[in-house]
Amino acid sequence: MLIRRSKPEDAAGIRPSEITPESVFLNRRDLLKAAVAAGLVVRLGLPEGAHAASPGLNYAREAHFSVDEAPNTYQDITTYNNFYEFGTGKEDPSQNSAGFKQSPWTVTVGGECEVKGTFTLEDLLAPHPLEERIYRFRCVEAWSMVIPWVGFPLKDLLARFKPNANAKYVAFKTIVRPSEMPGQRRAILDWPYVEGLRIDEAMHPLSLMAVGLYGRTLPSQNGAPLRLVTPWKYGFKSIKSIVEIKFVEKQPSSTWSNVAPREYGFYANVNPNVDHPRWSQARERRVGSSGGLFNSRQPTLLFNGYQEQVAGLYEGMDLRKYF
Amino acid sequence: MHSTQIRRWVFKPILHVLCLLPLLHLIAGSSGFAGVSLGADPIAKVLHELGQWGLRFLVATLAITPLRLMLGKPWLVSFRRILGLYSFAYVLMHFIAWVSIDQGLYWQGILEDIGKRPFITIGFAALLLLIPLAITSTNRMMLRLGRHWKKLHRLIYIIAVLGVWHFYWLVKKDVTEPLIYVATVAFLLGYRYWRFRRHKIPAVPLVEQRGNRISDRLRTPA
């Protein structure tokens, strides 16, 4: 006997939701940690060996952009994901990332902008108040999660570098560190992992620079210390462990569309009507160990349910051609 | 104890237990028994494990003939049917898991996938081809089909190719694991071809000699 998930249509569109009660996603210990952290300067970047216990962050709750679906557990989010730099299995990132050094960290910014250079993570993050956003996350492999990220709008960061009129796209690059990222010792992908957004996509208020998860700094396996989150796109667009941001005029290359241009496009917008050549994108499974075996698929929403906010970006574009 | 009896009362039960272990692991994992966990996507785990074990038992079945010829242990053939039937059982459970817990009996999507997605088409074809082999696996059917039995069961070669292809095609990028299966199956089929060329006879005689039928060999020690 199969038990169907309750009406996925209800999830269509994003309504400014009520703030999810803290108790739903923070247990008592986390609250205590957050309280301790609240009294301190927000410290980002983890000292060596602090892999297991990510420090708490100071942040506000951003209800306007958050969905009111129940988030996945911290355990699920941190032990089931793709980060090929640490291996191709879903559990590999959590198992193989203990030796990853999140600190010191610098990001190089360049290209079509006025302010260029290499910045420490602390400098990059200093002016930005953090907020929590509970976003849907849809993997191109047709599974999905709901994740309470902590971060700040990408547009606020990009604006600081004063991009010029030639900045039509933003290109991102992941760190290459084979000694700490065992997956990079094999040429599974063409390292470094690269991704890009059109400038208007990057400047969209939904585009998030994430530094945390469940109120704590990101664990290494989830793309610490700095990652992109574009919730209306397939997960592979949300590039992790960023070390380079470049404003460019031409559409930059992106790792998965280089690997298989027929299967993965530059835009990679979640679209139930455009199938991956080898599988359907019409439905997805909301994963979670608590779901057990009776956790059937739910319909995938256009732009992952963020249609109201982002459809305007693609007006007049053939989404089948620009998939 | 007679060696046939040892096989029947010791080796075969052990083989059954070994073949059931992967299933027991999945049952334990999905019920949370003894702290076994299937991770954040238990459905995908169940689906992939069942498929992989189906393929592993298929490879094991194919390995019996080369092994018995290389080692000169004809009695090994008595384990072949068990392995073949477990392969079928796991592949069938893999399919049932896909249709039920993965697709939620969403028939429109299921039929579309079988028709439209080549890797699913291939996997489904392999399952269909396994059915006649499973049905004709009994001693009675062996006797009834006689020399046709051998011909029919050569379908296993095609099924193995389809099964490995199915696995290869669904992997997103890192094809290391499917390539191991490709190499293994290529070796097992290549060995047969090599033997056939060398001796100008099939690895196993096409027509069973009178008194040397497979069913007889199953019962009498070599």
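Look a little higher up for the structure.
It should be emphasised that the depicted structure is a prediction, and the values quoted were computed from it without experimental measurement. (Residues numbered from 1 in each chain as written. Chains lettered and ligands numbered in written order. Predicted model: local features only at pLDDT ≥ 70, side-chain atom pairs only at ≥ 80, totals over all residues.)

Undergrad: How should the overall build of chain B be read in this particular structure?
TA: A count of helical and extended segments in chain B gives 10 helices and 0 strands. Overall, chain B shows an N-to-C arrangement of helices and strands of α-α-α-α-α-α-α-α-α-α. Of all 222 residues assigned to chain B, the portion counted as buried reaches 27%. At a minimum sequence separation of 6, the contacts of chain B that also span at least 24 residues come to 63%. (Helix = DSSP H or I, 4+ residues; strand = E, 2+ residues; numbered from the N terminus. Buried ≥ 20, exposed ≤ 12 C-beta atoms within 10 Å, placed from the backbone. Contact = placed C-beta atoms within 7 Å.)

Undergrad: How should I be thinking about the sheet that holds strand 11 (residues 242-248) of chain A in this particular structure?
TA: Across a sheet, paired strands are connected by hydrogen bonds in the backbone, their directions being either parallel or antiparallel. All names here are of chain A. Spatially, the 5 strands line up as an open sheet ordered 3-2-11-6-7, and their pairing is mixed. Each edge of the open sheet is held by one strand with a lone partner, namely strand 3 (117-120) and strand 7 (194-198). The sheet shows a mean angle of 20° between the axes of neighbouring strands, taken without regard to direction. Sheet topology places strand 2 (residues 106-111) next to strand 3; 4 bridges connect them, and they run antiparallel. Pairing of Thr106 across the sheet is with Thr120, part of strand 3. (Pairing = 2+ DSSP bridges. Axes fitted to C-alpha atoms, helices over the stretch in contact; angles between N-to-C directions.)

Undergrad: Before we go on, may I ask you to explain the packing of helix 2 (residues 42-71) of chain B against helix 9 (residues 176-199) of chain B in this structure?
TA: Residues and elements named next belong to chain B. Contact geometry for helix 2 and helix 9: axes closest at 9 Å, N-to-C directions at 25°. Between helix 2 and helix 9, the angle falls in the class roughly parallel. In terms of crossing hand, the pair formed by helix 2 and helix 9 is left-handed. Facing helix 2, whose interface residues are Leu55, Val59, Leu62, Ala63 and Pro66, helix 9 presents Tyr181, Thr184, Val185, Leu188 and Tyr191. Split by residue class, the contact of helix 2 with helix 9 holds 9 nonpolar, 1 polar and no charged. (Parallel < 35°, antiparallel > 145°, perpendicular 65-115°, else oblique. Left-handed = near helix turned anticlockwise from the far one by under 90°. Nonpolar A, V, L, I, M, F, W, Y, C, P; charged D, E, K, R; others polar.)

Undergrad: Before we go on, may I ask you to explain the interface of chain A and chain B in this structure?
TA: Quoted interface sizes are often the accessible area lost when the parts come together. Opposite the 27 residues of chain A that make contact, chain B presents 21 residues. When residues of the side of chain A that touches chain B are traced back to their parent elements, those giving at least two are helix 3 (74-79) and strand 12 (283-286) of chain A. Partitioned by chemical class, the residues of the side of chain A that touches chain B number 11 nonpolar, 8 polar and 8 charged.

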